[in-house]
Amino acid sequence: MSYVNPADFARKMIDAGAAKALMSTKDTLIRAYMAGAILALAAAFAVTVTVNTGQPLIGALLFPVGFCMLYLLGFDLLTGVFTLVPLALLDKRRGVTMKGLWRNWGLVFAGNFAGAFTVAIFMAIIVTFGFSTEPNAVGQQIGHIGEGRTLGYAAHGAGGMLTLFIRAVMCNWMVSTGVVAAMMSTSVSGKIMAMWMPILVFFYMGFEHSIVNMFLFPSGLLLGGQFTVMDYLIWNEIPTVIGNLVGGLTFVGAMIYATHYRTSPAVDTDDAPVAVPAE
């Protein structure tokens, strides 16, 4: 697997964040567009598998194929840059500014949404034979997901909003762990193995991923789901984006930065600082 120790992959995280913050507009948009499209296709694949087998676990087991593909191809998800780019700013990397951070996040959001929406249109055409028939079983399931994850939360008021937010936080805790896990190995097989585990957890647990939802909810609206664009924005996408930011930056980026990059000196039995040996 060619394991990379935490101190080294923590440095890789910051290097990656700096590179993404300084990337050209063209490259940022293309990479974000393709990431959104591939992840959306993986979500459609997972829903199709779940409907055809009746086993959600099988769909969840196979969904990470999309995440692995987009990562290995060097494409960018909003959930990943939420975690990586702030670390470069925190580390005061040359050329990385707050304006550059917001620029990167805005471009990646736009690219991810455009890619996911493209696949949403393609899938709506496929499951309705070009909008000439009622949606098939897969299309109907996508519509029901949109209703449950908007109106379902709204029915519980503040409790529903809190649940949505916490699911979004926990989602990017796992997804960003997958991004970091890929840096733990220098081999393709090792990267895939490390990424697969946290992505499987997030998908099967029903956590809220802002880019997956950029596919599911527009698809649901195109396929006749009984919810509105405002339901989608207020009772899913906006809180999900905020929760994803909090989860990835707090539970992954900041924690790894604080303990593996800015490591505090150890103490001996006399409470005297001693050097930490290299791993």
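Every value quoted in this text rests on a predicted model; they were computed, and no experiment measured them.

Focus on the packing of helix H9 (residues 157-181) against helix H10 (residues 188-204)
For the pair H9 and H10, the least separation of the axes is 8 Å and the interaxial angle reads 170°. Classified by the interaxial angle, the pair formed by H9 and H10 is roughly antiparallel. Contacts from Cys-171, Met-174, Val-175, Thr-177, Gly-178 and Ala-181 in H9 reach Ala-194, Met-195, Pro-198, Ile-199, Val-201 and Phe-202 in H10. For the contact of H9 with H10, a count of residues per class yields 10 nonpolar, two polar and no charged.

Points about the packing of aromatic side chains
Per the stated rule, a full pass over the model turns up 10 aromatic pairs. Between Phe-63 and Phe-203, the ring centres sit 4.2 Å apart and the planes meet at 15°, which makes this aromatic pair stacked. Of this pair, Phe-63 sits in the loop between helix H3 (56-62) and helix H4 (64-72) while Phe-203 sits in helix H10; the two residues are 140 residues apart in sequence, bridging distant segments of the chain. Note on Phe-63: relative accessible area 0%, which makes it buried. Centroid distance Trp-102 to Trp-105: 5.3 Å. Interplanar angle 75°. Geometry classified as edge-to-face. You can see Trp-102 and its partner Trp-105 sitting in helix H6 (residues 98-128), three residues apart, about one turn around the helix. Owing to a relative accessible area of 10%, Trp-105 belongs among the buried residues under this scheme. Linked through ring pairs, Phe-63, Phe-202 and Phe-203 together constitute an aromatic cluster.

Rules used throughout
- Residues numbered from 1 in each chain as written.
- Predicted model: local features only at pLDDT ≥ 70, side-chain atom pairs only at ≥ 80, totals over all residues.
- Heavy atoms only, no water.
- Axes fitted to C-alpha atoms, helices over the stretch in contact; angles between N-to-C directions.
- Helix = DSSP H or I, 4+ residues; strand = E, 2+ residues; numbered from the N terminus.
- Parallel < 35°, antiparallel > 145°, perpendicular 65-115°, else oblique.
- Contact = heavy atoms within 4.5 Å.
- Nonpolar A, V, L, I, M, F, W, Y, C, P; charged D, E, K, R; others polar.
- Phe/Tyr/Trp six-rings, centres within 6.5 Å; stacked < 30°, edge-to-face > 60°.
- Buried < 20%, exposed > 50% of the residue type's maximum accessible area, 1.4 Å probe, protein only.

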